[in-house]
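# Coordinate analysis (summary)
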Amino acid sequence: MGSTALDHLLDRLIADYVSRNSAARILQGRLEDAGVGFTPVIDHVTIRTLDIDRRGQEFLALGYAYAETLTYEDWFAKVYRSAGYPALFIDQGYPDRRGESSIIPAWVKQFGDQTLHHIAVRVEDIEQAIERLRTAGVAFTGQIVGVRGGLLRQIFTAPERVDGQSFSVLELTERHQGFQGFSPPQADGLMKSTVLKT
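Below: a short report on this structure. It should be emphasised that the depicted structure is a prediction, and the values quoted were computed from it without experimental measurement. (Residues numbered from 1 in each chain as written. Predicted model: local features only at pLDDT ≥ 70, side-chain atom pairs only at ≥ 80, totals over all residues. Heavy atoms only, no water.)

### Some details on the side chain of Q154
- Note that Q154 resides in strand 6 (residues 152–156).
- Here E171 takes part through its side chain, which lies 2.7 Å from a polar atom of the side chain of Q154. (Helix = DSSP H or I, 4+ residues; strand = E, 2+ residues; numbered from the N terminus. Polar contact = N/O pair within 3.5 Å; in protein donor to acceptor, adjacent residues only side chain to side chain.)

### A word on the layout of surface pockets
- Taken as a whole, the largest pocket encloses approximately 380 Å³ of empty space.
- As for the largest pocket, its lining consists of 15 residues, and the residues nearest its centre are L27, L31, V123, A129 and R132.
- Sorting the residues of the lining of the largest pocket by element identifies helix 2 (22–33), strand 5 (118–122) and helix 5 (126–135) as the ones contributing at least two each.
- Here the lining of the largest pocket takes four residues from helix 5, the largest share from any one element. (1 Å grid on protein atoms, 1.4 Å probe; cavity = no way out; pocket = protein on both sides within 12 Å on 5 of 7 lines; lining within 4 Å. Points joined across faces, edges and corners; volume = space filled by probe spheres on them.)

### Regarding the pairing of strand 1 (residues 42–48)
- Among the seven residues in strand 1, seven count as buried, and that is most of the element.
- Looking at chain direction, strand 1 and strand 5 are connected through four bridges and run antiparallel. Each residue of the ladder has a partner; that of H44, found in strand 5, is A120.
- Direction of pairing for strand 1 relative to strand 4 (residues 87–93): parallel, over a ladder of five bridges. Looking at the pairing, R48 lines up with D91 of strand 4. (Buried < 20%, exposed > 50% of the residue type's maximum accessible area, 1.4 Å probe, protein only. Pairing = 2+ DSSP bridges.)

### With respect to the packing of aromatic side chains
- Scanning all chains against the criterion turns up 10 aromatic pairs.
- Ring pairs connect the aromatic residues Y72, W75, F89 and F182, which therefore count as one cluster.
- Its end group placed over the ring of Y94, R98 keeps NZ or CZ at 3.8 Å from the ring centre.
- Over the ring of F182 we find R175, and its NZ or CZ is 5.5 Å from the ring centre. (Phe/Tyr/Trp six-rings, centres within 6.5 Å; stacked < 30°, edge-to-face > 60°. Lys NZ or Arg CZ within 6 Å of the ring centre and 35° of its normal.)

### Considerations on helix 1 (residues 4–19)
- Look at helix 1: 22 Å from first C-alpha to last across 16 residues, which is about the 22 Å you get at 1.5 Å a residue.
- For helix 1, the full list of buried residues reads L6, L9, L10, L13, I14, Y17 and V18. All buried residues of helix 1 lie within an arc of 155 degrees about the axis, which places them on one face of the element. Facing away from the buried side of helix 1, by more than 90 degrees, are the exposed residues T4 and H8.
- The elements touched by buried residues of helix 1 are helix 2, strand 1, helix 3 (52–60), strand 5 and strand 9 (169–175). (Expected span 1.5 Å × (residues − 1). Arc of directions from axis to C-beta. Contact = heavy atoms within 4.5 Å.)

### Focus: the sheet that holds strand 4
- Taken in spatial order, the seven strands of this open sheet run 2-3-4-1-5-9-6, and their pairing is mixed. Among the strands making up the open sheet, the edge pair consists of strand 2 (65–71) and strand 6. Averaged over all pairs of adjacent strands, the angle between their axes in this sheet comes to 20 degrees, without regard to strand direction.
- Inspection of the sheet shows strand 2 paired to strand 3 (residues 75–81) by six bridges, in the antiparallel sense. By the bridge assignment for strand 3, Y66 is matched with Y80.
- Contacting strand 1, strand 2, strand 3 and strand 4, helix 3 runs over the sheet at an angle of about 10 degrees to strand 3. (Axes fitted to C-alpha atoms, helices over the stretch in contact; angles between N-to-C directions.)

### Notes on the nonpolar core
- F38, F59, I119, V121 and L172 are the most contacted members of the largest nonpolar core, which totals 39 residues.
- Dropping the residues within four chain positions of it, F59 is found in contact with L6, L9, L10, L13, I47, Y64 and L88.
- Counting residues in hydrophobic clusters, the runner-up holds 13 residues, among them F89, I104, W107 and F182. (Core = buried A, V, L, I, M, F, W, Y, C linked by side-chain atoms within 4.5 Å.)

### Topic: the packing of helix 1 against helix 2
- Between helix 1 and helix 2, whose axes approach to 7 Å, the crossing angle comes to 110 degrees. Classified by the angle between their axes, helix 1 and helix 2 sit roughly perpendicular to one another. Residue-level inspection shows Y17, V18 and S19 of helix 1 in contact with helix 2, the latter providing A24, R25 and Q28.
- Its residues assigned to classes, the contact of helix 1 with helix 2 shows three nonpolar, two polar and one charged. (Parallel < 35°, antiparallel > 145°, perpendicular 65-115°, else oblique. Nonpolar A, V, L, I, M, F, W, Y, C, P; charged D, E, K, R; others polar.)

Shown next, in the form of structure tokens:
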């Protein structure tokens, strides 16, 4: 059940994200040149927050529904879904001692929770997508997480920096066998790849 208000909210979040992420702008340009556009290839969008339930209310009111919770050592996430729209992944550090090592609270304190941390775009062949984007000047961090032929493979671009801090990344996502979920070990590995080494 889509709505004009939900379309406007997602359009605003995506436009803001693309305006501040060079890898996304490069990909958007190539997709627009092919007549595809950026939005149709979005797999999921991610928001970081200090309170998932509070942040998720805006999306629940516009037609998203809670789907699942994923837990990690120092952070957790809730996934929300709405037919015809990208999955919404909202994450936060635990509000107790478990979350003390999480990178999420410091990120939210600097950038807030009204912007996207990343957008994941669906690709058919992740190695080929990486190669093509590298030739356009896009850098990647870490390695592809997930095994070749597996249900889910992912990689993040190198983080954009704002005031010397990691801000946003673009994720490439390769899915197989109709798998629409998330892999907790992979997501944690991706999270750690966004920490800039100084």
